Structure formats: C-alpha cells, structure tokens
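# Per-entry structural report
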Amino acid sequence: MSSIPHRPDIDGLRALAVVSVIVYHLTPGVLAGGNLGVDLFFVLSGYLITALIRSDWAAGRFTLADFYERRVRRILPALLAVLAATSLAAVVLLLPKDLIGYGRSLLAALGFVANIHFWWVIDYFAPISGEKPLLHTWSLGVEEQFYLLFPLLMMVLLRLRAATAMAVLAAVVVVSLGLNLVLKVVGSGTFSFYMLPSRAWELAVGALIAFVSRRGSMPRPVVWAASAIGLWAIGLGLLEGKVAVLPAALPVVVGTALVVWAEGRAPSPLGRLLSLPPITFLGRISYSLYLWHWPILVLLRYRLVRPPTPLELALAVAAMLVCAVLSWRFVETPFRRRDRPFRPIAWILGTTTVALAGLAGAIGIGDGWPRRVSPEVVVINGALGTHARCAGWDGERFAGGRACRLGAPEMEVATAEVVVFGNSHAQMYRPLVDDALRRDGRSGVLVGMTECLPTPSINIDVKCARLASETFAAIEALPKVRTVILGLTWDQAGASFVDEAGVHDGGPWRQVLTRGLDDLLDRIERSGRTPVLIGPIPHPSWDVASVVGRNLAFGRPQEPAPHQTRAAFDETFGALVAHFQARLGPRFIRADRVFCGVERCDFLVGGRSLYSDGNHVAAAELPRFAPLFRDALTAAGE
C-alpha cells in the first residue's frame, strides 16, 4: 500500500500521457508532440517518488531496502512479462541481423541501461527505429537510474531545511536544463534525448512540486486558473510538438507541474474531468499499456512489410488494451501486494531475468540463428546498417564537428595529406580511402558534417552553413593536405537553402546546389589543393536491405520494386552529373555507374543488397566502387 493519498487526477494525467504516446506511434501526423507524453510521465514520477520518500521519512519508516523493494515490485514483473512475450515473437519473426540487435537491446533493458544502448546505436526519430521492438524501454532506463540515485540525494536533502532542499532541487533543474540546451546546440541532441543528466530537470521539477504542493495559501480561482493554464500548456506541447522554445518538452513539463500543484490544493472542474472513471482506469493500466503498445505495433509492421490498414491498426490497439488489462490484473497487481513475501517474488523475478539474459546470449552466440531463413535472406539481411561512419567512439574533435583518421594509424590529423569532407554520404566510402592510404603508408582524415552539406556559401540551415565554413577553414589550415574529396547527399528536393547570415535562396534546388558546390570547389582550388567530388547514387528512400529481406522471408511480392528506371535517375541528377563531369573530368567519381545501366538502376546485384538502408552503400559492396576511386585519386595526383 502507498503511504501517500491516491490522487485520481494523476491517474488522469497518466492516461493522457500514455494515449498521447500511442497516438503518436500509430499516426505521428495526428499528434505531432505525442512523444512528449513520456516527459509528462517523468514529471509525475519525480513528484510521486519525492512525495513517497518524504511521507515515509516523516513517519520514521523510510529505508533504502524498502524503497528499492517497492520499485522492484512496481517495475519488474510487468516488464519481464512483456520482455518474455516479445522475445518469443522476436525469435519467430525477426531476421538474423535484426534478432542480433534485439538480443543486445534485451540485455540492455534487463540491465536498466536501455537508454545508453539506444543512444549508442540509433536516433529515436530515425525511420529504422520503427523496427526496434524494445526501443521504448529507453525511458525505463532513465527512470530506473533515477530511482537508483535519487533516494540517496533525498536522504541528504531531508536532513536540511525545506527551503535549502528546494534550492538544491532548483539548482538541479537549472543545471540539467542548461545541459539539455547546450547539448542540442553543439549537435549532441541524441545524447540529450536519451540520457539522465539532460532529463533530470523534468524529474526534479516534479520533485520540487512535492515540496511546494501545500505551502502557503492561495485563492481557489487562482488555483483553478493555474490548473487550466497547465492543461493548456500540456495540450500545446502535445499538439504542436515543436514550439518556439527549447527544449520542446518545456510546455508539457511546466504544464504538468502546474496541474499537479493546483489539483493537489483545490480540485478544479478540469481536475474532475481527469478523474472520471474511464480515464482513471486507463491511468491505472498506463504502465502495462506503455510496455505492450510498442512491441505489438513494431512486430505487426515488421511482419506486414507495409503500413497497416486502419482495421489492422484498430486490431492492434485492441490487442494492446487486452494485454495491458491482463498484465495489470494478473501481473502488476498481485506482485505489488505487500502482504505477499518478497523472497519468493525475488526468486521468480531473478530466475526470469537470468533466463532472458541467457536467451539474449544464445542469440548472440548463434549469430541470430540464420538457419531459420533461407541463405538468400541471410545475405540480403546481412547488409542492414553496415555502412561506414565516423562515429563518436573512434573520432576526435575537429573544428565544430568530428574527424576520424585515415591511412597509417600512427599518423596525426595535422599530417593528413588527403581529406574526405562531407556528411554520411562521404563517410560511407571511408574504407576505400582508408585502404588506399594504408597501402601507401600515407595519412588522411575524414571530416564529418553529420546531417549538413559541406558547402559554406549555402546550406540547409544557418547552423550548418556556419559549421561548414568553420570546418573548411580548419581544413585549409592543415599544412600537408593535397587532395580534398567531397561527398554529400545530392537529392536536396524540398530543402530550404540559406547562407551564414540566414538569407534564403529560393531558386531551384539543383541550381542552388550547383552554385554552392562550385563555390566550394573554387575555394579548394584557390587554397592550392585538388578537389575530387563523389557523384550521386540512386535514392530509393526505403530501407532496401530490410524490406527486400523481409518480403523474401515472408513470401511477399517485392514491392516496391528493387530498382528504378535510368530515366528517373537522369531526371533527378542528370544536369548535376553533366555539369560536374565537365568541370572535373576524371576527378568526378561516377558512383551511379555501379548501380545504373542503360535502362535501369538496380538496388540489388547478384542477390546482394547494394544498400545498407534507404540511401547508404552497404560496406560489403564497397569493392565495386574501388576502381572509380582509384582512377579519381590517380587523376588528382595521389
């Protein structure tokens, strides 16, 4: 039993949070900020945990052992039930490469570090995230880490005056929020999204409300107005997603805090609406519903290999609700009863955890158990996500971005003779240049631009334009560089181009891109270096390795077709190719020739996917491009 009074309005807020998340995942366009329901959960968690600890402390019955036992009873039973069911489905449905990734995420979820794992492997908003059945456990990782550390802080704060404790919590809010903002500005938004230090402010806001909820007196109309403003702010955040503040969660966090504070003092008509029985029931099952909704939706889409129909989505929602109710009734509720001794519960939970960890290990050792599918499927699926990168773990700071060494390993960046400069469409060719330089005992550097173009004079936003300018200046300062190889995402249809001052260039995108690249080539030549430009490749815009592999495994027709007409490629890129071929001659790398013949451009060759996703070259297929790079580097004098 809880030692703090039950508040139906908080159940109502939980219902709002979980419904928002589910609607966002079902149809993102309907509720642009629905993912911020998780932030609403964080504020409620901070409030409830702080109120619980304060109550037990005041009654003289708080112990760390009791606190952690409550958290185990609350979190683990339903989580392990969902992990067990999802794992069985994953073994049946997921292709080998996907199953290996699932096994790793399963271990991370069991170890309460899912947020760290997914920060390492994927952007939450990337299209491929929709194929990760346990992605949603990142938020549990944040909460579990909070539950581990926060009671220790509270044991210190509760020995201080309330005003001092509130000042410390306010400092946590300021520091964490500041870190959140700084990380976004410097391009570490993924870290900011997943990690506790940049999320702690949301939990700390809830904790602050637990300290101030009943301090002082306030007229009832003022309290009711605060509740109304809070609900309006929550609605604004959930409906709009991105508003004119940073971070995007700020309206939801502040709004939730206002509602919790106000409704705790004087329940309003809006609070009574949140307390209606159907809404509070959704709130009571919200934890189980959150756990079940994502694996059901992901595995449905994975098996269908197409967007679900409205009827299929409705059936999925029904399945989520049924599983959530059963999980709440027969798993959550019995395990939370304090009249049941903890020792047998701990044994059940521990045994289940060990079994699931063993399954994850067996998946890894068995390389995803490839014999479940045909060899053709294994080869195609094996290309998934394999394109080369300049990742944070093997790079170093360079200007405003990151750089990875190429060639002779003992060389320093300052001794680089060749620079590869650009976004992921430069980085994916990294092994080709690296191998060529290693053979000659020479050094180079790959300078990544994340999602930006390398062109200083025009770019996709002001931040990118400034980063490109700063980075190119740093490249110019490298004393031994002789050749600069440029790579970029060529298909910029729909881009809004600006310069460093924020002045927009609304011309046709091919013309704007041509001017920007010509300007960059001129700068390279004026600096006394030789430019090489990697040309465009077809952009399927759908995950070739994943879709083709699943269609083949599940006996479905290959839709969309794994190729495009040569005419379609030429319509998009023909004028660009002709211009830069004429300007650079053999120093313009015609990467399209690996894909395209006279009639069409193939995404698969010889039963192998040329792509690792929707637009990047699979690492195993890079040797096909080696002669093109060798000829271009020879023409550049390398």
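Preceding this paragraph is the structure being described.
Residues numbered from 1 in each chain as written. Predicted model: local features only at pLDDT ≥ 70, side-chain atom pairs only at ≥ 80, totals over all residues. Heavy atoms only, no water.

### Notes on the side chain of Thr86
Its place among the elements puts Thr86 in helix 3 (residues 64-93). For Thr86, the side chain forms a polar contact with the main-chain oxygen of Val82, separated by 2.7 Å. Other than its neighbours up to four places away in sequence, Thr86 contacts Tyr102, Pro133, Leu134, Pro295 and Leu299. (Helix = DSSP H or I, 4+ residues; strand = E, 2+ residues; numbered from the N terminus. Polar contact = N/O pair within 3.5 Å; in protein donor to acceptor, adjacent residues only side chain to side chain. Contact = heavy atoms within 4.5 Å.)

### Some words on the environment of Leu406
With respect to the helices and strands, the residue Leu406 is situated in strand 2 (residues 401-407). The buried category is assigned to Leu406, whose relative accessible area is 2%. The spatial distance from the C-alpha of Leu406 to the C-alpha of Pro431 is 8.5 Å, given a sequence separation of 25 residues. Here Leu406 is in contact with Val420, Arg430, Val433, Asp434, Leu437, Arg442, Ser443, Gly444, Val445 and Leu446, once residues within four sequence places are set aside. (Buried < 20%, exposed > 50% of the residue type's maximum accessible area, 1.4 Å probe, protein only.)

### Focus on the packing of helix 3 against helix 15 (residues 310-336)
Where helix 3 meets helix 15, the closest approach of the two axes is 8 Å, and the angle between their N-to-C directions is 145 degrees. Classified by chirality, the crossing of helix 15 by helix 3 is right-handed. Contact with helix 3, carried on its side by Arg73, Arg74, Pro77 and Ala78, involves Ser327, Val331, Glu332, Phe335 and Arg336 of helix 15 and no other residues of that element. (Axes fitted to C-alpha atoms, helices over the stretch in contact; angles between N-to-C directions. Left-handed = near helix turned anticlockwise from the far one by under 90°.)

### So, the packing of helix 7 (residues 162-185) against helix 9 (residues 196-212)
For any two helices packed against each other, the geometry is given by the interaxial angle and the distance between the axes. The contact between helix 7 and helix 9 brings their axes to 7 Å, and the two run at 155 degrees. Between helix 7 and helix 9, the crossing angle belongs to the class labelled roughly antiparallel. In this structure, helix 7 crosses over helix 9, and the sense of that crossing is left-handed. Every residue of helix 9 that contacts helix 7 at Ala162, Ala165, Met166, Leu169, Ala170, Val172, Val173, Ser176, Leu177, Leu179, Asn180 and Leu183 is listed here: Pro197, Ser198, Arg199, Ala200, Trp201, Ala204, Val205, Ala207, Leu208, Phe211 and Val212. (Parallel < 35°, antiparallel > 145°, perpendicular 65-115°, else oblique.)

### Looking at the pairing of strand 5 (residues 483-487)
In terms of burial, strand 5 is largely enclosed, as five of its five residues are buried. Side chains Thr483, Ile485 and Gly487 project from strand 5 onto one buried face, and the interleaved Val484 and Leu486 project onto a second face that is buried too. By the bridge criterion, five bridges tie strand 3 (residues 418-422) to strand 5 in an arrangement that is parallel. Note on strand 5: the bridge partner recorded for Phe421 is Leu486. Strand direction decides the pairing type here: strand 5 and strand 8 (residues 530-534), joined by four bridges, are parallel. Its bridge partner being in strand 8, Ile485 is matched across the sheet by Val532. (Pairing = 2+ DSSP bridges.)

### Focus on the packing of aromatic side chains
Under the criterion given, the structure shown has 24 aromatic pairs. Taken together, a centroid distance of 6.1 Å and an interplanar angle of 85 degrees make the contact between Phe42 and Trp138 edge-to-face. Placement of the pair is Phe42 in helix 2 (residues 37-58) and Trp138 in helix 6 (residues 138-157), with a sequence separation of 96 residues. Each member of the pair Phe42 and Trp138 is classed as buried. Among the aromatic side chains, those forming a connected cluster through ring pairs are Tyr429, Trp542, Phe595, Phe603, Tyr611, Phe625 and Phe629. Directly above the aromatic system of Tyr147 lies the positively charged group of Arg71, at a separation of 5.2 Å from the ring centroid. Positioned above the aromatic ring of Phe193 is the side chain of Arg199, whose terminal nitrogen or guanidinium carbon lies 4.8 Å from the ring centre. (Phe/Tyr/Trp six-rings, centres within 6.5 Å; stacked < 30°, edge-to-face > 60°. Lys NZ or Arg CZ within 6 Å of the ring centre and 35° of its normal.)

### Observations concerning the pairing of strand 3
For strand 3, a buried count of five out of five residues is recorded, marking the element as mostly surrounded by other parts of the structure. Covered by surrounding structure in strand 3 are Val418, Val420 and Gly422 together with Val419 and Phe421, the residues of both alternating faces. The sheet contact formed by strand 3 and strand 4 (residues 443-448) spans five bridges and is parallel. Bridging from a neighbouring strand, Val419 pairs with Val445 of strand 4.

### Section: helix 14 (residues 286-304)
Across its 19 residues, helix 14 extends 27 Å between first and last C-alpha, which sits within 8% of the 27 Å expected from 1.5 Å per residue. With 16 of its 19 residues buried, helix 14 lies for the most part within the structure. Looking at the residues trailing helix 14, positive phi occurs at Val305, about 55 degrees. (Expected span 1.5 Å × (residues − 1).)

### Notes on unusual backbone geometry
A cis amide bond, omega -5 degrees, links Glu559 with the succeeding residue Pro560. With respect to the secondary-structure elements, Pro560 resides in the loop between helix 22 (544-553) and strand 9 (563-565). Phi angles above zero are rare outside glycine, and Asp367 is one such case at about 55 degrees. By the element assignment, Asp367 lies in the loop between helix 16 (342-365) and helix 17 (375-381).

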